[in-house]
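Single-letter residue listing:
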Amino acid sequence: MLLATPSIAGPNGTVSEKRPRTTSVDVDITGKVTGEGGEGLPGASILIKGTTRGTITDQDGNFRLTIQGSETVLVFSLIGYATKEITVGTQNVVNVVLSTDNRLLEEVVVVGYGTQRQEAVTGSVVSVTGDVLREVPSANLSQALQGRIVGVDVSQTSTKPGAAMEILIRGQRSLRADNSPLIVLDGIPFSGSITDINANNIKSIDVLKDASATAIYGSRGANGVILITTNTGKRGQKAQFSYNGFHGPKVVFARYPMMNGPEFAALRAASIQRFQNTIDESNDVDTDWQDMVYRTGLMASHDIGVSAGTEHGSYSFGLGYYRENAVVPLQDFTRYSLHGSVNQDINKYVRLGFSTNSNFTISNGNNIPAVGMALARSPIANPYNPDGTMKTIIQEQTSGPQWVPSRERFNSLGDSYIDQTKAYGSYNTLFAELQIPGVTGLKYRANLGLNFRQSSGGNYTGQGVFSGNVQNVSTAGINNSLTTNWAIENLLSYDRTFGKHEINAVGLYSAQQNTFNSSSIAARDIPSDAFQFYNLGRADGIITVNPANQGYNQWGLLSYMGRVMYSYDDRYMVSVTFRADGSSRLAPGHQWNAYPAVSVGWNLSKEQFMSSVTQINQLKLRVGYGQTSNQAVNPYETLGLLATRPYNFGDDTYATGFYVSNAPNPRLGWEFSNTLNFGLDFRAFSNRLSGTVEYYEQRTENVLLGVGLPPTSGVGGYTANIGQTQNKGIELNLNGALLDNVNGWSWDVGVNIYANRNKLVSLSSGQQRDEGNWWFVGHPINVIFDYERIGLWQADDAFREVYEPGGNPGMIRVKYTGDYQSDGSPTRAINADDRQILDMQPNFQGGFNTRVAYKGFDLGIVGVFKNGGLLNSTLYGSSGYLNNLNSRSGNNVKVDYWTPENTGAKYPAPGGIGGDNPKYGSTLGYFDASYLKVRTITLGYNLNRALLDRIGVTNLRVYFTAQNPFVMFSPYHRESGMDPETNSYGNENAAVPLSSALRRILTIGTNTPSTRNYLVGVNLTF
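Presented here is an overview of the structure given in this document. These numbers come from a predicted model, not from an experiment.

## Quick notes on the overall build of the chain
Along the chain, the regular secondary structure elements total 11 helices and 55 strands. For the chain, the spread of C-alpha atoms along the principal axes amounts to about 120 × 70 × 70 Å. Within the span of the chain, comprising 1022 residues, buried residues form 53% of the whole. Within the chain, contacts between residues at least 6 apart in sequence are counted, and of these 69% link residues at least 24 apart. Accessible surface, the chain: about 43200 Å² in total, of which carbon and sulfur atoms supply 54%. Charge separation in the chain, taken as the distance between the mean sites of 81 positive and 84 negative side-chain charges, equals 6 Å.

Below you can see the structure in the form of structure tokens.
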């Protein structure tokens, strides 16, 4: 018997039709799955509970499903939303509203060419949201990443405004090639500078660390991959305006610890070399040159955005402005940025969209010599005339006349000095996506990336500027570069759930081409300051076009990739990837290489034997193995290199000749890395404690090295795939919610700690050491090859004259490695054979963060730490010429030096043997690299929501941030009072670099001083 019934209210307040009661026939159920904003949710899964039968929603969120029986239960689920079960009963139409689950949203990660639930990830992937990054206000994301991701080492290369940082993921692999990770912006490999990316535009960052995760990027994935997803609008979202800004001063973290006037006068008096004061020097003068030069800097950032969405599309647009003035005069960085994204459904099968990230940057004064001048000037030299006016030139010892630096003088240079670089970058992604009709879960997507970056730089130094000779001619130069890059990707994906089975498959065919060209010109004796660098053809002096400073290259990449990810009942997971790349950089027959990878996961917490362990919410084991490669070969290197040399035939006949500087190698190939990764992910105590433990081994083979040839060949050498390197490491990441809204209190804590052991396994031609490049088999890639300082020689030390013939008390004493006579005397004097291989690797390093909140208030702290390792400071080492202790001219670092009355000192006697610098003076710059640094302390307040609702504001937060407030446990900080983080490469800020190998090693040099920053910020949404 059939009974007709009227319509009734269905689940979540929607109206559903009631059908006649029957249990003997199949019934078609239709409906729609929407979000809380009313937007249709495509791809939502609908399963008949207890069976493997189900369907997914279309582009509009609609679905149709045939069921049997009136008491059927449907399970509705979608990544990022809370799962909901609905009993159908007698309804023919079932409309369901899924609410967002913030915890689940955080667990969705980008894995390259798609997303995946964190629970199902089998590779080594770490995700950070944009909100977390913005807890550290910064110029670019590299600064915001520091200390936040386990296994990712972010180090300062410069403290100048707008400078990028060095990013290494799980150590260094290559000797000659770039070790930086691949950056992928909105799905397309990024070809610009990391300083071009505005952190306020970032929605999330996902870091792929092991080969099973990075193999999808093949020949570019060996150094890890950073996937950046920028902001997009949300479907069904009403128009929303946001403003994020901060503003505040920068002050010097600590001045370089130079001697004051009385201390320098005492040094000169104690020196064996009796230098006399010049006409501008007097022992009763005490000039603080750093105080005369430094100023209070500024940081300011303002970003506005508008986003919205309809049922069938969304958009997001933003404008950004960032300004940073250094504590050094005339040095600053400005960035203007534009972000936009649009996604639109054309119909239920076709979706189109694009995103753009464009910026314009201006960098001034990067090469201004203000810091070097402030440190090198004599503190007993008087910069003022008797009438109180400032001198333009002062006389120092053998250095002669010197330009007088001051803030006022730098600021008054006007047209007589400029050092400026302007860059414009535009990074654009367009896509079209087609849902294949009739095949649920099958999609085709085409991505087109169009990237462009142009940089234009110029410098001009007027006559006599920065020189002790007012007649010194003016100089100028220009440099330009242009990078264009296009990429097209064709993707076919299949994503489907069958009961307990989940499968995601993707196939890729892509092509990419990159073109780069650069030029540089220099000139002398510009006729007028008004010309600056804008018309070098008017120069009265030499105009130089150095062939070594002009460049052009073009390369292309063709790729195929397939990946299948499978999960059964969220218990057993496997991912298999295969990619093949063909590169124009390599010779025919060696252009293609294939990269396989496989990873598996076992979620033990889903097993029956774990059901009684209620404290464990997740326990997943992961194992992965794969191969990736490094684009280590420069374009055209397989063809060899030519260099030019000018010839003079007579008085007025000149010609340019070409010669082979590097022989070709038609067998040159990629460097490639094999990686094995073991991981354990866990959540416990109602998900209040979560963490990851990982161990990895990586071996890089076919490392590029130079192979020398005999002089009779006429060529110095060629490049070949010879070397091998190895990285091993362990990583631990923990996050905990210690308090979760207990009487209004919340407290979250996070810490990550990791250790990487890098080793050079082999070099070319079977050699065990390359002393010129500081490469030694069995040791890390980056070492210091120098003597090991063990103290100072004293007057009563035995055999001093044998160890150091002609040496004197107070001289640096280094370790001796030779043999001894029967009487305990050495068999030889100390020589080059006593140099040691000094390991620079830290024992471990990492970062930490904590946040305490009470009602509307919150207090957050972010920090980084490092234990062990070796730090090189060119400030204290002799190569910087600021710790030569000869008192001849300029100034000296304030150190405790040896005198007959102070024999327990750490530093040598002034004016000892060794020419301008103490013998073994380079060893004075080596310090324990340990430190713990609080990067930011932020106190914020969120205004009362009820009050905001009355004025139509969604969110209003004000905060105060102190950056770099504290440093602890640092031997270098205790010695100098300064920031222990590196700020230069080894060939910078050094008068005489110890070795050409030192230039690749990060050091602490006399760069723009580190700063403490005090910022007030506002976050507003309405």
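On we go from here.
## Focus on the nonpolar core
Residues Tyr256, Phe410, Phe466, Leu875, Tyr876, Tyr907 and Tyr972 are the most contacted members of the largest nonpolar core, which totals 59 residues. Of all elements in the fold, only helix H5 (261-270), helix H6 (289-293), helix H7 (370-376) and strand E45 (812-814) reach the threshold of two or more residues within this core. Of all the elements, H7 adds the most residues to this core, at 5 residues.

## Notes on the pattern of salt bridges
Counted according to the given criterion, the structure contains 35 salt bridges. With its nearest N and O atoms 2.8 Å apart, the salt bridge here joins lysine 209 to glutamate 731. Separated by 522 residues along the polypeptide, lysine 209 in the loop between strand E17 (202-208) and helix H4 (211-214) and glutamate 731 in strand E39 (residues 717-742) bring together distant segments of the chain. With relative accessibility at 3%, the residue lysine 209 sits in the buried group. The closest approach of N and O atoms between lysine 933 and aspartate 979, which form a salt bridge, is 2.7 Å. Taken together, the residues lysine 933 in strand E51 (residues 931-942) and aspartate 979 in the loop between helix H11 (971-976) and strand E53 (984-985) connect sequence positions 46 residues apart.

## Side note on the sheet that holds strand E3 (residues 26-34)
The mixed open sheet is built from 3 strands, whose spatial order is E6-E3-E9. The outermost strands of the open sheet, each flanked by one partner alone, are strand E6 (62-68) and strand E9 (96-97). Here E3 runs beside E6; their pairing, made up of 7 bridges, is antiparallel. Bridging from a neighbouring strand, aspartate 28 pairs with threonine 66 of E6.

## Side note on the sheet that holds strand E5 (residues 54-56)
Read from one edge of the open sheet, 4 strands run E5-E4-E7-E8, paired in antiparallel fashion. Across the chains shown, the open sheet's two edge strands, defined by having one partner strand only, are E5 and strand E8 (81-87). For this sheet the average axis-to-axis angle between neighbouring strands, irrespective of direction, equals 15 degrees. Note that strand E4 (residues 45-48) and E5 share 3 bridges and pair antiparallel. Bridging across to E5, isoleucine 46 finds its partner in threonine 55.

## Some remarks on the pairing of E3
Along any regular strand the residues' side chains alternate between the sheet's two faces. Pairing analysis gives 2 bridges linking E3 to E9, with the strands arranged parallel. In the sheet register, threonine 34 faces E9, and the bridge partner there is valine 97.

## Quick word on the side chain of serine 363
With respect to the helices and strands, the residue serine 363 is situated in strand E23 (residues 350-364). For serine 363, a relative accessible area of 11% puts it in the buried group. A distance of 3.0 Å separates a polar atom in the side chain of serine 363 from a polar atom in the side chain of asparagine 366. With residues up to four places along the chain from it excluded, the contact list for serine 363 reads Asp332, Phe333, Asp419, Gln420 and Thr421.

## Examining the environment of glutamate 975
Checked against the element boundaries, glutamate 975 lands in helix H11. Sequence separation between glutamate 975 and glycine 640 is 335 residues, and the spatial gap between their C-alpha atoms is 49 Å.

## Concerning the side chain of asparagine 201
Here asparagine 201 is to be found in the loop between strand E16 (188-189) and E17. Filtering out sequence-adjacent residues up to four positions away, asparagine 201 remains in contact with Arg134, Thr230, Asn231, Ser337, His339 and Asn357.

## Things to note about unusual backbone geometry
The phi torsion at asparagine 964 lies on the positive side, around 55 degrees, for a residue other than glycine. With respect to the helices, strands and loops of the structure, asparagine 964 is situated in strand E52 (residues 955-968). Residue class for asparagine 964 comes out buried when judged on its relative accessible area of 14%.

## Remarks on a nonpolar patch on the surface
A cluster of nonpolar side chains, Val306, Tyr315, Phe317, Phe354, Leu430, Leu448, Leu450, Trp486 and Ile488, forms an exposed patch at the surface whose accessible area comes to about 710 Å². At the level of elements, strand E21 (313-325), strand E27 (442-461) and strand E28 (475-498) are the ones that each hand at least two residues to the nonpolar patch. The topology assignment puts leucine 430 in strand E26 (residues 417-435). Since its relative accessible area comes to 39%, leucine 430 is described here as partly exposed.

## Examining the environment of serine 520
Residue placement: serine 520 occurs in strand E29 (residues 501-524). Separated by 62 residues in sequence, serine 520 and glycine 458 place their C-alpha atoms 9.5 Å apart. A distance of 3.5 Å separates the side chain of serine 520 from the backbone oxygen of isoleucine 478, its partner in a polar contact.

## Things to note about the pairing of strand E7 (residues 73-78)
Pairing of E4 with E7, which is carried by 4 bridges, proceeds in the antiparallel orientation. Residue pairing for E7: serine 45 is matched across the bridge by serine 77. Alignment of E7 against E8, held across 5 bridges, turns out to be antiparallel. For valine 75, the partnering residue across the bridge sits in E8 and is glutamate 85.

What counts, and where the lines are drawn
Residues numbered from 1 in each chain as written. Predicted model: local features only at pLDDT ≥ 70, side-chain atom pairs only at ≥ 80, totals over all residues. Heavy atoms only, no water. Helix = DSSP H or I, 4+ residues; strand = E, 2+ residues; numbered from the N terminus. Buried < 20%, exposed > 50% of the residue type's maximum accessible area, 1.4 Å probe, protein only. Contact = heavy atoms within 4.5 Å. Areas by Shrake-Rupley, 256 points an atom, 1.4 Å probe, with all protein chains shown as cover. Lys, Arg positive; Asp, Glu negative; His and termini not counted. Charge placed at Lys NZ, Arg CZ, Asp CG, Glu CD. Core = buried A, V, L, I, M, F, W, Y, C linked by side-chain atoms within 4.5 Å. Salt bridge = Lys/Arg side-chain N within 4 Å of Asp/Glu carboxyl O. Pairing = 2+ DSSP bridges. Axes fitted to C-alpha atoms, helices over the stretch in contact; angles between N-to-C directions. Polar contact = N/O pair within 3.5 Å; in protein donor to acceptor, adjacent residues only side chain to side chain. Patch = residues over 30% accessible without salt bridge, like charges linked within 9 Å, V, L, I, M, F, W, Y side chains within 5 Å.

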